[in-house]
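# Summary of structural features
Chain residues, written in single-letter form:
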Amino acid sequence: MNTCPEHIVHLMHEYLDEEISQEQEKELKTHLQQCEACKTHFHELKKTIALVQSTSHIQAPSDFTANVMNRLPKEKKKAGMNRWF
Ligand SMILES: [Zn+2]
C-alpha cells in the first residue's frame, strides 16, 4: 500500500526551502508520523541538503551565485528583487 498524496512530497520541498505555511507544516508532519516511506524520503532529502550545505563553504566557487542567478527565469529574479527592496 503506497498511495501518498503527491503534494506531500511538494510540501517536503517547501519545508526545506522554508516556504511552508504553519498549516502545511502541520499537514506534512501528520503525514510523516503515519507514513514510513515519506519519513525515509524526507530524512534522505534533509541529509542531502545538509551535505550540500556542509561542503559548499569549502569549495564555494566564486561564480556559483552568479551561475544560479543566471539560471533563474527573469520574471522570478525580478519578483525576488522586489521582495527584498
Ligand atoms: Zn507518505
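Here's a quick rundown of the structure.

Each value, and the rule that gives it
- Residues numbered from 1 in each chain as written.
- Predicted model: local features only at pLDDT ≥ 70, side-chain atom pairs only at ≥ 80, totals over all residues.
- Heavy atoms only, no water.
- Donors = N, O, S within 2.8 Å, 3.2 Å for Na, K, Ca; no water.
- Buried < 20%, exposed > 50% of the residue type's maximum accessible area, 1.4 Å probe, protein only.
- Phe/Tyr/Trp six-rings, centres within 6.5 Å; stacked < 30°, edge-to-face > 60°.
- Helix = DSSP H or I, 4+ residues; strand = E, 2+ residues; numbered from the N terminus.
- Patch = residues over 30% accessible without salt bridge, like charges linked within 9 Å, V, L, I, M, F, W, Y side chains within 5 Å.
- Areas by Shrake-Rupley, 256 points an atom, 1.4 Å probe, with all protein chains shown as cover.
- Salt bridge = Lys/Arg side-chain N within 4 Å of Asp/Glu carboxyl O.
- Expected span 1.5 Å × (residues − 1).
- Arc of directions from axis to C-beta.

## Comments concerning the coordination of the zinc ion
- Surrounding the zinc ion are the protein donor atoms Cys4 (SG), His31 (NE2), Cys35 (SG) and Cys38 (SG), which sit 2.0 to 2.3 Å from the metal.
- Going along the chain, you hit the donors of the zinc ion in the pattern C-x26-H-x3-C-x2-C.
- Note on Cys35: relative accessible area 13%, which makes it buried.
- What makes Cys38 buried here is its relative accessible area of 5%.

## Some details on the packing of aromatic side chains
- Scanning the model with the defined rule gives 1 aromatic pair in all.
- Ring plane angle 65° and centroid distance 5.5 Å describe the contact between Tyr15 and Phe42, whose orientation is recorded as edge-to-face. With Tyr15 in helix α1 (residues 6-16) and Phe42 in helix α3 (residues 36-59), the pair connects residues that are 27 residues apart, well separated along the chain.
- Accessibility expressed as a relative area gives 25% for Tyr15, which makes it partly exposed.
- Residue Phe42 is classed as buried on the basis of its relative accessible area, which comes to 8%.

## Quick look at the side chain of Glu14
- The residue Glu14 is located in helix α1 in this model.
- By relative accessible area, Glu14 is classed as buried at 18%.

## Notes on a nonpolar patch on the surface
- A cluster of nonpolar side chains, Phe64, Val68, Met69 and Leu72, forms an exposed patch at the surface whose accessible area comes to about 310 Å².
- Relative to the helices and strands, Met69 resides in helix α4 (residues 64-71).

## A few points about the pattern of salt bridges
- Going through the model one piece at a time under the given rule, you end up with 2 salt bridges.
- Linking Glu44 and Lys47 is a salt bridge whose minimum nitrogen-to-oxygen distance equals 3.4 Å. Of this pair, Glu44 and Lys47 both sit in helix α3, separated by 3 residues, roughly a single helical turn.
- Using a relative accessible area of 39% as the deciding quantity, one classes Glu44 as partly exposed.

## Some remarks on helix α2 (residues 22-34)
- Taking 1.5 Å of rise per residue, 13 residues should cover 18 Å, and α2 covers 19 Å from first to last C-alpha, within 8% of that figure.
- Within the span of α2, buried status applies to Leu28, His31 and Leu32. On an axial view of α2, the arc spanned by its buried residues comes to 100°, and they lie on one face. Exposed residues lying more than 90 degrees from the buried face of α2 are Gln22, Glu23, Lys26, Gln33 and Gln34.

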